[in-house]
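Working through the structure, step by step
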Amino acid sequence: MEHRHLWVRSQRQASILRVRAEIIKAMRDFFDERGFTLTDPPILTPAACEGTSTLFPVDYFDEQAYLTQSGQLYIEARPMALGKVYSFGPTFRARIEDATSPHRVLDVEPEIAYADLDDLMEVAEGLITFVVKRCLERRRVDLQAIGRDLCKLEKIEPPFPGSVTTMR
């Protein structure tokens, strides 16, 4: 950590950052090209969402607020107005080893009005396939530099084993 400015310049770290950026762009493109509307839930919330128990308090203008653990609570109501929505951004969870410190993750959370399980599986499998193919197309050298098995990635095609569509 003392030499982070140099560490990021290494080939492996630079490749990781380029692949990460490609994944984020591919996810946004996937949803945007399919008529989803990006919605941004707040990062600070007044309470826990989805029954989670580990909250991380933040003083916010002399009041208690918490780092969000999910955008789900806020985007659930939006499909009735917009049809298909997604949120994409930071959320904060407890590390399994240390439930007292927040761990920042990027969550992508789609919601679709009147969707059934088959619809959701189609979106999930489509998203994963789209992102993997995009990274193979645009970031092949970087994937190799970080040691990914390209043969396994090239085999990713829907429907996935064990999915609802393959169980019929």
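For the structure, see preceding data.
Let us look at the structure shown here. Please read these numbers as outputs of a predicted model, since none were measured by experiment. (Residues numbered from 1 in each chain as written. Predicted model: local features only at pLDDT ≥ 70, side-chain atom pairs only at ≥ 80, totals over all residues. Heavy atoms only, no water.)

**Topic: the nonpolar core**
The biggest cluster of nonpolar side chains holds 19 residues, and the ones touching the most others in it are Phe30, Phe31, Leu127, Val131 and Leu143. Among the secondary structure elements, those contributing two or more residues to this core are helix H2 (11–33), strand S5 (84–94) and helix H5 (117–138). Ignoring anything within four residues of it in the chain, the contact list for Phe30 reads Val123, Gly126, Leu127 and Phe130. (Core = buried A, V, L, I, M, F, W, Y, C linked by side-chain atoms within 4.5 Å. Buried < 20%, exposed > 50% of the residue type's maximum accessible area, 1.4 Å probe, protein only. Helix = DSSP H or I, 4+ residues; strand = E, 2+ residues; numbered from the N terminus. Contact = heavy atoms within 4.5 Å.)

**Things to note about H5**
If you check H5, its first and last C-alpha atoms are 31 Å apart, about what 22 residues at 1.5 Å a residue would give, namely 32 Å. All of the buried residues in H5 are Val123, Glu125, Leu127, Thr129, Phe130, Val131, Val132, Arg134, Cys135 and Leu136. Tucked into the core, H5 has its buried residues touching H2, strand S6 (102–112), helix H6 (140–145) and helix H7 (150–154). (Expected span 1.5 Å × (residues − 1).)

**Regarding a nonpolar patch on the surface**
Taken together, the side chains of Trp7, Val8 and Leu17 make up a nonpolar region of the molecular surface, amounting to roughly 260 Å² of accessible area. Relative to the helices and strands, Trp7 resides in helix H1 (residues 4–7). (Patch = residues over 30% accessible without salt bridge, like charges linked within 9 Å, V, L, I, M, F, W, Y side chains within 5 Å. Areas by Shrake-Rupley, 256 points an atom, 1.4 Å probe, with all protein chains shown as cover. Salt bridge = Lys/Arg side-chain N within 4 Å of Asp/Glu carboxyl O.)

**Side note on unusual backbone geometry**
Between Pro158 and the following residue, Pro159, the backbone shows a cis peptide bond with an omega angle of -5°. With respect to the helices and strands, the residue Pro159 is situated in the segment after H7. For Phe61, which is not glycine, the phi dihedral falls at a positive 50°. Secondary-structure assignment places Phe61 in the loop between strand S3 (57–60) and strand S4 (63–67). The backbone of Tyr114 shows a phi angle near 60°, a positive value even though the residue is not glycine. Locating Tyr114 in the fold gives a position in the loop between S6 and H5.

**Notes on the environment of Val85**
In this fold, Val85 is placed in strand S5. A C-alpha to C-alpha distance of 8.3 Å links Val85 and Gly35, two positions 50 residues apart in sequence. Once you skip the residues sitting within four places of it in the chain, Val85 turns out to touch Phe36, Thr37, Thr39, Ile75, Arg78, Pro79, Glu109, Pro110 and Glu111.

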